[in-house]
Amino acid sequence: MKLSTSLNTPAYSSRTSVDAAAAFVVEAERLGVDTVWTAEAWGTDAFTPLAHVAALTERIKLATGIVQISARAPVMTAMTAMTLDVLSGGRMVLGLGVSGPQVVEGLHGQRYDRPLERLREYVEVLRLAFAGERLEYSGNQTVLPLSGGEGKALRLALKPNPRLPIHLATLGPRAMELCGEIADGWVATCFVPERSGVYIDALARGAERAGRSLTEIAIDAGGPLAFSDDVGRLVQSRKKALAFQLSAMGSPKTNFYNMAYSRMGYEDVAQEVRKLWLDAKRDDAVAAVPDELAASTSLFGTREMVRDRMRAYRDAGVTTLRIDPMGREPSERLAVLEQAIDVAREVTAAI
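Each value, and the rule that gives it
- Residues numbered from 1 in each chain as written.
- Predicted model: local features only at pLDDT ≥ 70, side-chain atom pairs only at ≥ 80, totals over all residues.
- Heavy atoms only, no water.
- Core = buried A, V, L, I, M, F, W, Y, C linked by side-chain atoms within 4.5 Å.
- Buried < 20%, exposed > 50% of the residue type's maximum accessible area, 1.4 Å probe, protein only.
- Helix = DSSP H or I, 4+ residues; strand = E, 2+ residues; numbered from the N terminus.
- Contact = heavy atoms within 4.5 Å.
- Salt bridge = Lys/Arg side-chain N within 4 Å of Asp/Glu carboxyl O.

1. Quick look at the nonpolar core
Consideration 1: Judged by nonpolar contacts, the single largest core of 101 residues is most densely connected at Leu94, Leu96, Trp186 and Met310.
Consideration 2: A total of nine residues in this core trace back to one element, the largest contributor, which is helix α9 (residues 256–278).
Consideration 3: For Met310, the residues in contact, after removing those within four places along its chain, are Met1, Leu225, Leu299, Leu321, Ile323, Ala340, Val343, Ala344 and Val347.
Consideration 4: In terms of nonpolar packing, the next biggest core, distinct from the first, is built from five residues, Trp37, Ala63, Ile66 and Val93 among them.

Written as structure tokens, this is what we have:
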């Protein structure tokens, strides 16, 4: 099982914090971390911070987690990913997602219609671009070149790289099947190892439909990690994040994270937390998140407890464990990361 971590892109708000975030990635590479991920919501874009750390590192893979497909034309995403892949010496991993209507319609001014159809067509255009093919495509949402105009089908003036990996961040059953069918990997969120079948079974169905094995699909999942005897304090901090995710990361009508936890058997909890949050009872919403859910979506506790959680992720089929080490200062986060890497080696050696 490989290890990945995340670049703290909210830190890209001042020169001092930028340097600290980048230094963390440099040290993570030295410690043996395989991949660093960047997020994209309504702050930094996903690519620019990766370009920054690409210039400071040599080996660590650079992954977008995720690029919002409604924010860019597919060919522009292909050009950006291929450029960063060349600049980094072949370290690019392109993570994509459909986001949600609140961001897509509110921030990008695009209708959130038939998102899975758009995602499939988007990936198909990316594959053409990566392979160096002429960009000629006729879909329901993407047409190249635009008909009735003066455009012509072009090839990108970049060295083809058909092996540039595409990972998808998906949650619903149909979306998981699509990921299994067309993607090189899955970027997991709302992941509870003990209940992972709700995702993995659909992923396997998609892979089978494409005539391939589930083992051909990389699975990146994990969560916040901290070593402590005071698990209750850590769980409480996790409950705040989960309450926000269940309630505020989406519109009052559409919240894919809430739906995902509901499918895993937490429907009553998910609905109660969201109702309390939307009724402006934030503290009650946090309190309504079960300790069990907070603990099962994180890696908290003593060294032995963290080791057990890592084994649970491994046994659920996770191929790359994403670690978000907790700590107030970069030095604290690095100390947690270093110890986590040591524990992960024990787990891997025990196979």
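2. A look at unusual backbone geometry
Consideration 1: For the bond running from Gly65 to Ile66, omega is 15°, close enough to zero to count as cis.
Consideration 2: Tracing the backbone shows Ile66 in the loop between β3 (61–64) and β4 (67–68).
Consideration 3: In this model, Leu144 is joined to Pro145 through a cis peptide bond whose omega is -10°.
Consideration 4: Along the chain, Pro145 falls in the loop between β7 (143–144) and β8 (166–168).

3. Digging into the pattern of salt bridges
Consideration 1: Throughout the structure, instances matching the rule amount to 19 salt bridges.
Consideration 2: Between Glu181 and Arg209 there is a salt bridge; the shortest N-O distance is 3.2 Å. You can see Glu181 sitting in helix α6 (residues 173–182) and its partner Arg209 sitting in helix α7 (residues 197–209), a full 28 residues away along the chain.
Consideration 3: Its relative accessible area of 21% is what places Glu181 among the partly exposed residues.
Consideration 4: Where Asp279 meets Lys275, a salt bridge forms, and the shortest distance between an N and an O atom there is 3.0 Å.
Consideration 5: Relative accessible area serves as the criterion here: at 40%, Asp279 is assigned to the partly exposed category.
Consideration 6: Among the ionic contacts, a cluster of salt bridges with common partners joins Arg120, Glu177, Glu181, Arg205 and Arg209.

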